[in-house]
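Take a look at the letters that make up each chain.
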Amino acid sequence: MKIAKRVQNLQHSDIRRWTRIVEEVGGINLAQGICQVEPRPEVRQAVEDAHAAMLTGLEKVGFNTYTHYSGIDDLREAIAAKAREYNHLTADPDPYNGTIVVTNGATGAFNCLFESIIEDDDEVLIFEPFYGYHLKSLALRGGTPRFIPLRGSSYEFDDSDLRAQLTERTKAILVNTPANPCGKVFSREDLSVIARFCQEHDLLAITDEVYEYMLYDGAEHVSLATLPGMAERTVTVTSFSKTLAITGWRLGYAIAPRELANKMALVNEFSYACAPSPLQHGIVNAIRNHRQFLTLRDMYQAKRDLLVNTLEQVGFQVTSPRGSYYIMADYTRLGFSDDVAAVEGLIRGVGVGAVPGSAFFSPGKGKNLIRFCFAFNDTGLHDACARLRRFRA
Ligand code: GLN
């Protein structure tokens, strides 16, 4: 059988591969960002609402059956209100000619987006360290990434770093803020540099804002599309996977310029038909009450502090993330030969999973780092920390 060239080298993602290995030893999985936090009231409510929608669907069309390809009206309207009130972003929930597409997770949004914009060898600028799914989604549609390395412990860059990667094939720049895996929260100044660059070189801006509620030490989340002149050239992607700890529901959305939103919605139709119907109904109320998500930052900051302090005690060198729910830790003082050996050592030694740093960098880089996820319930996180301390002893 002849397998298409673009998928020949596909392998299980590094992030998920380690999940399986941790599960084999019955360990605590701080590798994949599954989001195993304690259930909050709004999450229980969403589960009940989804359940109710499935029961309604036994009598009524549109609950267990297909929805409109850009999502149900109630959800698009709730998203428009949340985008206006939280992100200060204007979005039009019209089903056929609007700017919101409900997708199968943020991953589904990226697939629809790249399918809609990438031709031949188009290039997309991506900050490094990166989230591997962005690269895979791009590569599967024939695009090529060009990396902009973030510098130092505060992950800086400037206009010259962007210009250094610009070619005549550059189509877009992708900004993940708050960032997976490094926890950088792009400041308004950072985003202004990117906005100016996009306008000067006529580039599309793409954001991944799935950790928009996980912010620490007073960090502020700014959506790039709200900067002057950027709404018409920005695609804002986010999801409720992390916000509601429902990573398996596969619900995300994109807000895009009208014409592009329309094409993305059609790609969504022909790829997936629609996002899961009862689950769309399930999250409407939670999004209508989006102000409740503002308390997520306190919950996560306590978890971050616990894991950062523990890792430092154990001998890792850590930069405390200002957003998202991952920690990049330098293990070199602990004396492993490389990042894979460090992760294996932790799993086999004390049953705590992490992801080798090289999963988030171009070949040869990131080998001094491993990534931990702290989106875990307090009991599990305390257990993981006790195991890490034992590791040192
Ligand atoms: N976003 C999560 C992570 O970085 C999960 C990735 C996945 O399994 N799709 O770990």
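To keep things clear, this report deals only with the structure shown in the data block. Remember, it's a predicted structure, so these values are computed and weren't measured experimentally.

How each quantity is defined
Residues numbered from 1 in each chain as written. Predicted model: local features only at pLDDT ≥ 70, side-chain atom pairs only at ≥ 80, totals over all residues. Heavy atoms only, no water. Helix = DSSP H or I, 4+ residues; strand = E, 2+ residues; numbered from the N terminus. Expected span 1.5 Å × (residues − 1). Buried < 20%, exposed > 50% of the residue type's maximum accessible area, 1.4 Å probe, protein only. Arc of directions from axis to C-beta. Contact = heavy atoms within 4.5 Å. Pairing = 2+ DSSP bridges. Axes fitted to C-alpha atoms, helices over the stretch in contact; angles between N-to-C directions. Salt bridge = Lys/Arg side-chain N within 4 Å of Asp/Glu carboxyl O.

## A closer look at helix 9 (residues 258–272)
Piece 1. Under the 1.5 Å per step criterion, the end-to-end length of helix 9 is 21 Å for 15 residues, consistent within 8% with the ideal 21 Å.
Piece 2. Of all the residues in helix 9, the buried ones are Leu260, Ala261, Met264, Ala265, Val267 and Asn268. An end-on view of helix 9 places all buried positions within 165° of arc, on one side of the element. For helix 9, the exposed residues lying more than 90 degrees away from the buried face are Glu259 and Phe270.
Piece 3. Residues of helix 9 that are buried make contact with strand 2 (100–103), helix 5 (105–117), strand 6 (204–208), strand 7 (234–239) and strand 8 (252–255).
Piece 4. Positive phi shows up at Ala273, right after helix 9, with a value of about 70°.

## Points about the environment of Ala342
Piece 1. Position of Ala342 among the secondary structure elements: in helix 12 (residues 339–350).
Piece 2. Sequence spacing of Ala342 and Val355 is 13 residues, and the spatial spacing of their C-alpha atoms is 9.4 Å.

## Some points on the sheet that holds strand 12 (residues 355–356)
Piece 1. The strand order 9-10-13-12 describes an open sheet built from 4 strands, whose pairing is antiparallel. Looking along the sheet, the strands with just one partner apiece sit at the ends: strand 9 (317–318) and strand 12.
Piece 2. Pairing between strand 12 and strand 13 (residues 369–373): 2 bridges, direction antiparallel. Residue pairing in the sheet places Pro356 in a bridge with Ile370 of strand 13.
Piece 3. Where helix 11 (residues 296–314) meets the sheet, its contacts fall on strand 9, strand 10 (326–330) and strand 13, and the angle it forms with strand 10 comes to roughly 10°.

## Points about the pattern of salt bridges
Piece 1. For the coordinates displayed, the defined rule picks out 26 salt bridges.
Piece 2. Between Glu128 and Lys365 there is a salt bridge; the shortest N-O distance is 2.6 Å. One end of the pair, Glu128, is in strand 3 (residues 123–128); the other, Lys365, is in the loop between strand 12 and strand 13, and 237 residues separate them in sequence.
Piece 3. By relative accessible area, Glu128 is classed as buried at 2%.

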